[in-house]
Amino acid sequence: LKKKQSVAIESPTGSGKTIMGLLSAIRSNENQGKKILYLTRTNSQQEQVINELRSIGNRDIKAVVIQGRSNMCPLYRELETEGEFDSESLSRFCSMRKKKVMEGDKDACHYFNWKVRDPSTSQYLFSQLPTAEEFYIYGTENNLCPYESVKFALKDANLVIAPYAFFLNYGVANRFLNHWGVSREELIIILDEAHNLPDLARNASSFRISTNLVNSAEKESLDYGDIELMERIRSTDLMEMIRNTIMDLIRDRIGERDEVRIKFQDLRENMMIANSMSSEKYGNLITYLNIFGEYIAGEKEKKGHVPRSSVFSLSNYLMSWETVDEEKFVAVLSKQRNGQIEAFCMDPSVLLNPLRESRTIHMSGTLSPIDVYLNVTGFQDSSSRVIPYMFPRENLSVMYYEGTTTKYDEFDEGGASRLYEQIRSLTSAIHRNTIVFFPSYNVLDRIYSMGFPSDVMVESRNKTQSDLMEMISKFRKGGRTLFAVSGGRIAEGMNFPGNQLEFVIIAGIPYPRPDAKQDSIYRYYDRVFGKGWEYAVTYPTVIKIKQEIGRLIRNETDIGMAMILDKRARYFKKYIPEMKLSQTPLQDCQDFFMEAARRQ
Ligand code: SF4
């Protein structure tokens, strides 16, 4: 870091990565006057950073937590009851409200008042270091804008905690740095749970045009006069053409599959053929639609609403669709959202490139193979280090069993029964808090339906976050068995110290779904690095398995056993060298826990 380099560190769960990252950034910054930005994925990770900062108790550190207006603007939540609003429209909404307040209309935003700039507000932020949620409540109770208060306090802050989604938006990030008064070169960025970075960046770069969006744009068009974009073509006519083109493509190309890859020009060409129009006419229609969308946004703004327009979003996506970099993106047609086309980003390094202007600390319990991580994210020139496992070896056992598999062509009735029998016998005989991770909801549902006691808890697809947290809290108090999905909300980021979790069963290797996007990533990395399988399949699978095993041990006294019920686990021995073959899973698990109890 002192040599202006970036560093990537893999360190086991429970080894104190958060405090290590913070102290490294603070110490490397001594007398250098840089600012530190700590990026996290979830609120619970933010809370952990706050707790560590409180425990460091360094009075020279002035830290604040910031999130986007969608989480920190109480006014828009009061006025808008439904819909998600993008950062651009909320920023415009806020500017308009603040301008009115400055012109004397105090009611335009009653949260934007003198308290935002009052020293006592900054003092509260720096001394209490509230979470974003806590400060939101504080703001509503004290009638002050949480977002603007944090923005005002920024000038005095030398450490900011923010979500990835906030900073990976290039426009938002630049505005935020501008307010903070920091250039990218003056920044040290800590990337927490950095193994998520490739997927976060892919998602942030990708965009989709769904028939749901077209429908909502159509409704909005009607509400705002359905103007004639060209002779005899109204805005709703264009929406119908777009919707029909997507549905025709689905009918002609997709067959029984969920999604297929298409060419970007397929949209334009099919629109042109079906509607006898030239390429130029198509381009002009989109441009006129964009102007109409801007008009609608303006009208909403005049009425005091958030100036978000579905017509504007749709036309922007249609324009981006025409100029997308086909080296890095693929076009995917799918049945999701009642039919959609998606520009899917294969290479996350494009979006992450601006981060290279700062010094970065990439931290995670699961970055290995670290060269794959660095190549995928575009940080090839970073220093890296893997901190070895530091807790007593005998406290953790990882084994795999070859008598079962969820491999597609072998997971028939007999295969499912064998897996069921193993899980049933292990969960009924091992009286320890246990999580069974399934590779998908389909496998989970199938095995669960074969019969388990009613007190087995299940992470179902449609559980709300609060229901999930309630279930987790029950489980932590001694819930015995919980069924969850690999890569889901429980598999990462949740801590289960002590005996809250002692046994993990991985019921099938969590390979990525072999869909069109996955195939594109595979081909892309095969072309770029000559290692498509390692980059697109092995790497994300290893990360998931190690994350699940990582739930077990948080400190030197924790004990834990992981049993992988899939014969394909042997392909991962190179990445999980401590993993041993088990011939008799139940016996091996009982032996481990008996020995652990004896030692304790
Ligand atoms: Fe929302 Fe604050 Fe802007 Fe008012 S000043 S619109 S409360 S972000």
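Our structure's up above, just so we're on the same page.
Residues numbered from 1 in each chain as written. Predicted model: local features only at pLDDT ≥ 70, side-chain atom pairs only at ≥ 80, totals over all residues. Heavy atoms only, no water.

Caption draft 1: Quick peek at the sheet that holds strand 17 (residues 481–485). On the basis of which strands lie adjacent, the open sheet formed by 7 strands has the order 16-17-15-18-19-14-20 and parallel pairing. Across the chains shown, the open sheet's two edge strands, defined by having one partner strand only, are strand 16 (457–458) and strand 20 (580–582). Its contacts with the sheet put helix 19 (residues 413–429) on strand 14 (396–401), strand 15 (434–438), strand 17, strand 18 (503–506) and strand 19 (560–565), and the angle it makes with strand 19 is roughly 165 degrees. Sheet contacts for helix 23 (residues 532–550): strand 14, strand 15, strand 18 and strand 19; angle to strand 18, the most-contacted strand, approximately 160 degrees. (Pairing = 2+ DSSP bridges. Helix = DSSP H or I, 4+ residues; strand = E, 2+ residues; numbered from the N terminus. Contact = heavy atoms within 4.5 Å. Axes fitted to C-alpha atoms, helices over the stretch in contact; angles between N-to-C directions.)

Caption draft 2: Highlighting the site of the ligand. Taken together, the neighbourhood of the ligand is formed by Arg 69, Cys 73, Pro 74, Leu 75, Phe 93, Cys 94, Cys 109, Tyr 111, Phe 112, Cys 145 and Glu 148. Listed by contribution, the elements that provide at least two residues to the shell around the ligand are helix 4 (74–79) and helix 5 (87–102). Looking at the shell around the ligand residue by residue, the classes come out as 9 nonpolar, no polar and 2 charged. (Near = heavy atom within 4 Å. Nonpolar A, V, L, I, M, F, W, Y, C, P; charged D, E, K, R; others polar.)

Caption draft 3: Region of the structure containing the packing of aromatic side chains. Taken as a whole, this structure holds 24 aromatic pairs when the rule is applied. On the basis of an interplanar angle of 10 degrees and a centroid distance of 6.5 Å, the ring pair of Tyr 448 and Phe 452 is categorised as stacked. Since its relative accessible area comes to 30%, Tyr 448 is described here as partly exposed. Since its relative accessible area comes to 13%, Phe 452 is described here as buried. Judged by centre distance (5.9 Å) and plane angle (50 degrees), the rings of Tyr 511 and Phe 572 are tilted. One end of the pair, Tyr 511, is in the loop between strand 18 and helix 22 (516–529); the other, Phe 572, is in the loop between strand 19 and strand 20, with 61 residues separating them in the sequence. (Phe/Tyr/Trp six-rings, centres within 6.5 Å; stacked < 30°, edge-to-face > 60°. Buried < 20%, exposed > 50% of the residue type's maximum accessible area, 1.4 Å probe, protein only.)

Caption draft 4: Inspection of the sheet that holds strand 10 (residues 329–334) at higher detail. As summarised here, the arrangement of the 4 strands in space is 6-11-10-9, forming an open sheet in which the pairing is antiparallel. Either end of the sheet is taken by a strand with one partner, and the two such strands are strand 6 (207–210) and strand 9 (259–262). Looking at each pair of strands side by side, their axes are set apart by 25 degrees on average, direction ignored. In terms of strand pairing, strand 6 meets strand 11 (residues 340–345) through 4 bridges, oriented antiparallel. The partner of Arg 208 across the bridge, within strand 11, is Glu 342. Sitting on the sheet, helix 13 (residues 235–254) is in contact with strand 6, strand 9, strand 10 and strand 11, with an inclination near 85 degrees to strand 10.

In short, shape yes, function no, at least from these values alone.
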